[in-house]
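# Fold and geometry: a report
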Amino acid sequence: VSLVDELGQRFAGLAGLGGWAGAQRGTTLIHSFCRHVVERRAAFVVEDATQHPDVREHRAVPDLGVRAYAGLPLAMRDGR
């Protein structure tokens, strides 16, 4: 579970991400695939980040080794 705001993302729940991002339990938005979910307000699935047109140039691919991603927005009953 990632919490995203205008400054970055914080990992409230974390599995499988090591290195500096896992140790910090967060990143700036330049390393965030989650921001795509927030911006779209919809699920975002990437089977191969090295080939996906929306993220293949994304810093998370070379810097963090991200290869696949699946995210969907969490919303409260009032829509927030």
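The structure contained in this document is the topic of the report that follows. The residue numbers shown here count from 1 along each chain, following its written sequence. Owing to the predicted nature of the model, reporting of local features is limited to residues with pLDDT of at least 70; listing and counting of side-chain atom pairs is limited to 80 or more, with chain, interface and lining totals taken over all residues. To get the side-chain values, all heavy atoms of the structure are used, and hydrogens and water are removed first.

### Some thoughts on the environment of R80
Where we set the bar: Every helix listed is a DSSP run of H or I at least four residues long, and every strand listed is a run of E at least two residues long, numbered separately from the N terminus. Throughout, exposure labels follow a simple rule: accessible area from a 1.4 Å probe, protein chains only, divided by the maximum for the residue type, with under 20% read as buried, over 50% as exposed, and the rest as partly exposed. Between two residues, a contact is recorded if the distance between any of their heavy atoms is within 4.5 Å.
Within the element layout of this structure, R80 appears in the segment after strand 5 (69-71). Given a relative accessible area of 61%, R80 falls into the exposed group. Residues R80 and A23, 57 residues apart in the sequence, show an inter-C-alpha distance of 29 Å. Apart from the residues within four sequence positions on either side, R80 is in contact with L74 and A75.

### Concerning the sheet that holds strand 1 (residues 2-4)
Using the following cut-off: Pairing between two strands is assigned when DSSP locates at least 2 bridges connecting them.
Here we have three strands laid out as an open sheet, ordered 1-2-3, and antiparallel in their pairing. The two strands at the open ends of the sheet, each matched to only one other strand, are strand 1 and strand 3 (26-27).

### Topic: the packing of aromatic side chains
Put simply, the rule reads: Planes of paired rings set the category: under 30 degrees apart is stacked, over 60 is edge-to-face and the rest tilted, where pairs are Phe, Tyr or Trp rings (Trp by its six-membered ring) whose centres lie within 6.5 Å.
Across all of its chains, the model carries two aromatic pairs by this definition. On the basis of an interplanar angle of 70° and a centroid distance of 5.5 Å, the ring pair of F33 and Y69 is categorised as edge-to-face. Of this pair, F33 sits in the loop between strand 3 and helix 2 (34-40) while Y69 sits in strand 5, and the two are 36 residues apart along the sequence. Comparing F33 with Y69, the two get one shared label, buried. Measuring from ring centre to ring centre gives 6.2 Å for F44 and Y69, while their planes differ by 50°; the resulting arrangement is tilted. Of this pair, F44 sits in strand 4 (residues 44-46) while Y69 is found in strand 5, placing the two residues 25 residues apart along the sequence. Overall, the relative accessible area of 3% leaves F44 in the buried class.

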